Amino acid sequence: MSSGISRADVEHLAGLARIELSEAELDRLAADLPAILEHVATIQEYVGQQAAGDDVPAMSHPLPVDNVFRADEVRPSLTPDEALSGAPESEQQRFVVPKILGED
Amino acid sequence: MSTETLVPFEEAITRYDPVMGLEIHIELNTATKMFCGCPTSFGAEPNTQVCPVCLALPGALPVVNAKAVESAIRMGLALNCQIAEHCRFARKNYFYPDMPKNFQTSQYDEPIAFDGYVDVEVADPDGSTETFRIEIERAHMEEDTGKATHVGGSTGRIHGADHSLVDYNRAGIPLIEIVTRTIEVPADKAPAVARAYVSHVRDLIGGLGVSDVRMDQGSLRADVNLSLKPKGSSTLGTRSETKNVNSFRSVERAVRYEISRHAGILDAGGTVVQETRHFQESDGTTLAGREKSDADDYRYFPEPDLAPVSPSREWVEELRGTLPEPPAQRRARLQAEWGFSDLDMRDTIGAGALDLVASTIAAGASPQAARKWWLGELARRANEQGIDLDALPIAPEQVAGIQSLIDAGRINDKLARQVFDGVLAGEGTPDEVVAARGLEVVSDDGALGEAVDRAIADDPDAAQKIRDGKHQAVGALIGSVMKQMRGQADAGRVRELILEKLS
Amino acid sequence: MARTDMDQTDLTRLSADQAARALAAGETSSVELTRALLDRIDAVDAEIHAFLHVDPEGALAAARASDERRAAGEATSYLAGVPIAVKDVFATIGQPTTCGSKILEGWMPPYDATAVAKLRAAGLPILGKTNMDEFAMGSSTEHSAYGPTRNPWDTTRVPGGSGGGSAAAVAAFEAPLALGTDTGGSIRQPGAVTGTVGVKPTYGGVSRYGLVAMASSLDQAGPVTRTVLDAALLHEVVAGHDPMDSTSIDAPVPAVVAAARRADVKGLKIGLVRELQGEGFQAGVLARFDEAVHLLADAGAEVVEISCPSFVHAIAAYYLVMPSEASSNLARFDAMRYGLRVAPEGVADPSAEQVMAASRDAGFGDEVKRRIILGTYALSSGYYDAYYGSAQKVRTLIARDFAAAFEQVDLLVSPTSPVTAWPLGDKLDDPMAMYLQDVATIPANLAGAPGLSLPVGLADEDGMPVGLQFLAPATADDRLYNAGAALERLLEEKWGAPLLAQAPTLEGGAR
């Protein structure tokens, strides 16, 4: 499979990742990533070989455990001061954020 | 922006068939949030119900609320769903300031409940009912966002910049999303079916006690997806998604409007834009939201911070035992208990008043009285305001209270309407309103007697007729007395007094 | 407080166990010990740069409190009063937590990580926060936004990464203990190249609550020390089930201290991982490794060769799983609630979206951006199955290789790092070359298995430390400490002293 990744691809990914990359950064990433992708892309073939005749399940947790819950009981919250302590800007006990263009 | 050409609904449905999808979000009434122990109570000061987890501080980790899982399973069972033997949470990745992690912890290809259905009844104009089966594709667990309040530049801060203030108290509140399969019903029935579905789900989930299910408060939210197919074609059209639908009535109106709007576009040879639209309560139209730039690539992957949820079959059966009786069975039982005719029952359900009537009866009113007030006086007021019955600021117990005041002879039907005015206006309980407004019926025979005497003196002709045995004339004198008493008299007693005095 | 014969230098040279016993015996006080270490930091850290933040007031206050409790006869934990350095990836009240990044410069968490809370509850004064590759992404600590840390053995060389600060602090005698994190080798590899001990516990063994996440399914906190026993002692302080971490193990902590004291490899079956010794491994590293393996055999262990074929694909799988999870975990750094906020240049009235994008570009370094883009790609629609999905399957294959191996042997061994510490700047131009340094450590993270690295000598070519790694089955962490302590004892008998006695004296160091 192709591990080609174009500069336009990188720009699109940067948009998804909400990072405003400079032109120089876009160039550098477009130069760096193909080699990395080429290396990591080898696993698809490897999995294909191994899986022949035997489906290999994906592992999302190293240790098999399920049903980890907590009781529906109130625990202490942060105080508003603590909650807002890192805020770049706050007003009326709320976080000030610049105007939001998009929608949910 | 082009002005929209609308094709009248009745005309549109002669040429197009609607294909609908309904998504309902239910806010659970658990004591704490989905993934942390912050409280969920309403009306708290901003950012007083937040912690590292729901604020998404670096290093914080989620832990699943057992009660939320239990509620999700019960909801799935009530919706006749299969309950997954194993399911996982997944991250839905996108950026938004009210979503602290910039991903929502939700469920993707492994929902906790799936493949269910509900049967909803829709009344025909001729009085018969038709049943439609709505298939439920899935119900899954997720979390709500915080609330961003926009502060406008011109009226806001001195610096003039547009900005928003964000409160994360609601971030992390447990939500269950219920998604239908595509709904294809006869076009003329579509709006009513959509409304009936949402209303039915409300009743069903309300009966479990897991949510307040109030559309007007946001604990039940409905999104309407709609596309049109030209009649006879099997090609699906582009669908629009309409949000901000805040009542059952609005569900129906939104469907009607979107059908009209889509038809207008398609008739003109255009293509419907796939977008989110916002329903406008004021005029029943929908407005375009901002068009989405990228096709949203949410990059779902299984949530590594949470263990899979594998409800044992024993637990599921135990929870099945906690479900209230199925709606159809409950309705049949209540109808028998209340002595309602089929029509009475259908009207009650159609008005969304079933639980309200039941609660009013439980508070002591007779079935007939309960139905009379909810379907009469209160339904009229709700319609005037364009809201659902359960959004009226009056409790079933208060309605029963007003009826018991009537039964005790302390007020009459006409005065009762003023008591409703007072309670709905927030003046207090029925007793408080009666006292404050001085609405109590006068039962003092002395005062009544004086009024009767005056009425007789004012209308000697009528008085004479009565002496002569023509008791129809009593009505005029009763009217005169009631006017003097400003309605605060028991008409029956007045009649007796008149007849006594003129016998 | 009893006066002591020990001078400053002696105090800084004590292992944590020695310090604990000295404190218990009244031979020194926590305040004295803490002062000595703070002085040492003052003397050498300008050159080493292990610390991003030092908290003299906080540490001394905790030391005083510990001394007072001891004087009052209150029960104290074994390590009470023994100071520790904490990798700057843990949330600590009262000290900044930067994760080596500009995006969190000066961020003061309003809460403590569970592991940190356990340190405080056990009475360990926290000296400060140590340097790291930004957001734990790196193998040399050169990707720290605050400048690199230098290897105390040769300050022109890297200390390894991402936890180079913790390892250097311990190697330079600035602290007897440090708490680190290991996602792909970030405790073990710095341990190997600085001649110190580093342990990655079984995944879930130590709580991740308050540990700023890089790759959620791989991250694990663990001890960084000069001796195996010290690591075991620290392991027992910080490990254990945490209800705030859904992935933490709900079982008693393995008896690692007892195992470290046992230190007996007679009859143990040890597997040499064939795939982790050949091409790419420096000759001097292999030489010291082989000698160490022979020592084990002489002491009664049975050594066999084991093949774990899927290990050769571990790096590829890791560099898909880790960036993918990290790209999602780092999304929260958006300038809205905390962290760096910058406005985009030349934009009059920027939107939230623009401020987010500008802040993330300004706040994240190149390596972080590289991995975020890589991870975003691996998860994106159309690519998920080939990339992230396949990588998660390789994890299963690696876990199966481990399971098969552990049916035949009790432990696996390999060199921890294929090379010794390289000169600063050498591997910065080729990201892939840097990634390949993790070849031996990564399999354990992917499978959740525990690993321990200890120093086994100096390489002939460059006189730099070499580390050997033990790997054990999940939840059998005690096996690591038993074998590690045994080998350590054998080596110290051979050398006549701990390896670090051979480390160069640092300029300005107290004599």
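Shown above is the structure to which this text applies.
Residues numbered from 1 in each chain as written. Chains lettered and ligands numbered in written order. Predicted model: local features only at pLDDT ≥ 70, side-chain atom pairs only at ≥ 80, totals over all residues. Heavy atoms only, no water.

*Asks:* Looking at this structure, how should I read the overall build of chain A?
*Replies:* The secondary structure content of chain A amounts to 4 helices and 3 strands. Helices (α) and strands (β) of chain A occur, in sequence order from the N terminus, as α-α-α-β-α-β-β. The C-alpha atoms of chain A give 23 Å as radius of gyration, which overshoots the globular expectation for 104 residues (13 Å, by more than 25%). Long-range pairs, those at least 24 residues apart, make up 28% of the contacts in chain A between residues at least 6 apart in sequence. In chain A, which carries 7 positive and 20 negative side-chain charges, the distance between the mean positions of the two groups comes to 9 Å. (Helix = DSSP H or I, 4+ residues; strand = E, 2+ residues; numbered from the N terminus. Rg over C-alpha atoms; globule rule 2.2 N^0.38 Å. Contact = heavy atoms within 4.5 Å. Lys, Arg positive; Asp, Glu negative; His and termini not counted. Charge placed at Lys NZ, Arg CZ, Asp CG, Glu CD.)

*Asks:* Can you help me understand the overall build of chain C in this one?
*Replies:* Looking only at helices and strands, chain C features 17 helices and 11 strands. Since a compact globule built from 511 residues should have a radius of gyration of about 24 Å, the 22 Å found for chain C is in line with a globular shape. Principal-axis analysis of the C-alpha atoms gives chain C an extent of 65 × 50 × 45 Å. Every one of the 511 residues in chain C was classed for burial, and the buried ones make up 68%. Across chain C, the 40 positively charged side chains and the 63 negatively charged ones have centroids separated by 3 Å. (Buried < 20%, exposed > 50% of the residue type's maximum accessible area, 1.4 Å probe, protein only.)

*Asks:* So what exactly am I meant to see when it comes to the sheet that holds strand β1 (residues 16-27) of chain B here?
*Replies:* The strands that make up a sheet are held in pairs by hydrogen bonds between backbone atoms, and each pair lies either parallel or antiparallel. Residues and elements named next belong to chain B. Spatially, β3-β6-β7-β10-β1-β11-β12-β13-β14 is the arrangement adopted by the 9 strands of the open sheet, whose pairing is mixed. Only two strands of the sheet have a single neighbouring strand rather than two, namely β3 (82-83) and β14 (285-288). Taken together, the 5 bridges between β1 and strand β10 (residues 174-180) define a ladder with antiparallel strand orientation. Paired with E27 across the bridge in β10 is L175. (Pairing = 2+ DSSP bridges.)

*Asks:* Can you walk me through the environment of S359 of chain C in this structure?
*Replies:* All names here are of chain C. Inspection of the secondary structure assignment puts S359 in helix α12 (residues 352-363). Residue S359 is classed as buried on the basis of its relative accessible area, which comes to 1%. Put simply, S359 and A405 are 46 residues apart on the chain and 47 Å apart in space, counted from C-alpha to C-alpha. Excluding residues within four positions of it along the chain, S359 makes contact with I103, A335, L340, R341 and V342. For S359, the side chain forms a polar contact with the main-chain nitrogen of V342, separated by 2.9 Å. (Polar contact = N/O pair within 3.5 Å; in protein donor to acceptor, adjacent residues only side chain to side chain.)

*Asks:* Teacher, can you tell me more about the interface of chain C and chain A here?
*Replies:* A common measure of how large an interface is: the accessible area buried when the components associate. With 65 residues of chain C at the contact, the number on the chain A side is 58 residues. Carbon and sulfur atoms make up 69% of the area that chain C and chain A hide from each other, which totals about 5000 Å². Its largest share of buried area at the contact with chain A, chain C owes to E353, I373 and Y377 of chain C, together 12% of the area lost on that side. Where chain C touches chain A, the interface holds 6 salt bridges. The residue K393 of chain C makes a salt bridge to D55 of chain A at a minimum N-O spacing of 4.0 Å. Those elements that provide at least two residues to the side of chain C that touches chain A are α11 (314-329), α12, α13 (366-379), α14 (385-408), α15 (431-435) and α16 (442-447) of chain C. A per-element tally of the side of chain C that touches chain A places α14 of chain C first, with 13 residues. When the residues that make up the side of chain C that touches chain A are grouped by side-chain class, the tally is 39 nonpolar, 14 polar and 12 charged. (Buried area = accessible area lost by both parts, 1.4 Å probe. Salt bridge = Lys/Arg side-chain N within 4 Å of Asp/Glu carboxyl O. Nonpolar A, V, L, I, M, F, W, Y, C, P; charged D, E, K, R; others polar.)

*Asks:* When you look at the packing of α11 of chain C against α14 of chain C in this model, what are you seeing that I'm missing?
*Replies:* Packed helix pairs are specified by the crossing angle of their axes together with the interaxial distance, meaning the distance between the axes. All names here are of chain C. The geometry of α11 relative to α14 is characterised by a closest axis approach of 9 Å and an angle of 125 degrees between their N-to-C directions. In terms of their interaxial angle, α11 and α14 are classed as oblique. Crossing hand, α11 versus α14: left-handed. Of α14, the residues touching α11 (which contributes A314, A317, L320, V321, S324 and E325) are Y387, Y388, A391, Q392, V394, R395 and I398. (Axes fitted to C-alpha atoms, helices over the stretch in contact; angles between N-to-C directions. Parallel < 35°, antiparallel > 145°, perpendicular 65-115°, else oblique. Left-handed = near helix turned anticlockwise from the far one by under 90°.)

*Asks:* So what exactly am I meant to see when it comes to the sheet that holds strand β2 (residues 84-87) of chain C here?
*Replies:* All names here are of chain C. Reading across from one edge, β1-β3-β2-β4-β6-β5-β10-β11-β9-β7-β8 is the order of the 11 strands in this open sheet, with mixed pairing throughout. Single-partner strands in this sheet number two, and they are β1 (51-54) and β8 (302-306). Across the sheet, the mean angle separating the axes of adjacent strands is 25 degrees when strand polarity is ignored. Relative to strand β11 (residues 465-471), helix α10 (residues 283-298) is tilted by about 50 degrees, and along the sheet it contacts β7 (269-273), β8, β9 (411-415), β10 (451-458) and β11.

*Asks:* Which parts of the structure should I look at to understand the pairing of β7 of chain C?
*Replies:* Two faces belong to every sheet, and in a regular strand the side chains alternate between them. All names here are of chain C. The buried fraction of β7 amounts to 4 of the 5 residues, a majority that puts the element mostly inside the structure. For β7 and β8, the ladder comprises 5 bridges, and the chain directions are parallel. The residue of β8 that forms the bridge with V273 is I306. Crossover handedness for the path β7 to α10 to β8: right-handed. Bridge analysis of β7 against β9 gives 3 bridges, and the strand direction is parallel. Across the sheet, G271 pairs through a bridge with L412, a residue of β9. (Right-handed = clockwise from strand over helix to strand, strands pointing away.)

*Asks:* When you look at empty space enclosed by the protein in this model, what are you seeing that I'm missing?
*Replies:* A probe as big as a water molecule, rolled over the atoms, marks out the empty space that is left. Residues and elements named next belong to chain B. One pass over the structure, following the stated rule, counts 9 cavities of 30 Å³ or more. Approximately 130 Å³ is the volume attributed to the largest cavity. Forming the boundary of the largest cavity are 16 residues, of which C54, K101, E143, A171 and G172 lie nearest the centre. The residue makeup of the lining of the largest cavity, split by class, is 9 nonpolar, 3 polar and 4 charged. Here the residues of the lining of the second largest cavity sort into 6 nonpolar, 1 polar and 5 charged. (1 Å grid on protein atoms, 1.4 Å probe; cavity = no way out; pocket = protein on both sides within 12 Å on 5 of 7 lines; lining within 4 Å. Points joined across faces, edges and corners; volume = space filled by probe spheres on them.)

*Asks:* Got a minute to help me understand unusual backbone geometry in this structure?
*Replies:* A negative phi angle is the norm for most residues apart from glycine, just as the trans form is the norm for most peptide bonds. All names here are of chain C. Omega for the peptide link from G161 to S162 comes to 5 degrees, which places this bond in the cis form. Its identity as a non-glycine residue notwithstanding, F173 has a phi of 60 degrees, on the positive side. Within the secondary structure, F173 is located in the loop between α6 (164-171) and β4 (177-181).

*Asks:* How should the interface of chain A and chain B be read in this particular structure?
*Replies:* Between chain A and chain B, the residue contacts involve 36 residues of the former and 58 residues of the latter. Summed over the shared surface of chain A and chain B, the result is 0 salt bridges. For the pair chain A and chain B, the number of links is 23 residue pairs in polar contact (both at pLDDT 80 or more). Sorting elements by how many residues they give to the side of chain A that touches chain B places strand β3 (residues 94-98) of chain A first, with 5 residues. Residues of the side of chain A that touches chain B, tallied by class, amount to 16 nonpolar, 8 polar and 12 charged. Sheet topology note: the β3 of chain A/strand β9 (residues 163-167) of chain B ladder contains 4 bridges and is antiparallel. The residue bridging V97 of chain A from the neighbouring strand is S164 of chain B, located in β9 of chain B.

*Asks:* Is there a simple way to explain the pattern of salt bridges in this structure?
*Replies:* A side chain with one charge can pair with a side chain of the opposite charge if their charged atoms come near. One pass over the full model with this rule turns up 69 salt bridges over all chains. Between D421 of chain B and R381 of chain B there is a salt bridge, with the nearest N and O atoms lying 2.6 Å from each other. One end of the pair, D421 of chain B, is in helix α11 (residues 413-424); the other, R381 of chain B, is in helix α9 (residues 367-385), with 40 residues separating them in the sequence. The partly exposed category is assigned to D421 of chain B, whose relative accessible area is 31%. On the basis of relative accessibility, which here comes to 11%, the residue R381 of chain B falls in the buried class. Residues D112 of chain C and R120 of chain C are paired through a salt bridge, measuring 2.7 Å at the closest nitrogen-oxygen approach. Residue D112 of chain C is classed as buried on the basis of its relative accessible area, which comes to 18%. Relative accessible area serves as the criterion here: at 35%, R120 of chain C is assigned to the partly exposed category. The network of salt bridges with common partners includes E377, R380, R381, E384, R417 and D421 of chain B.

Fair warning: the whole summary comes from geometry, so function is off the table for now.
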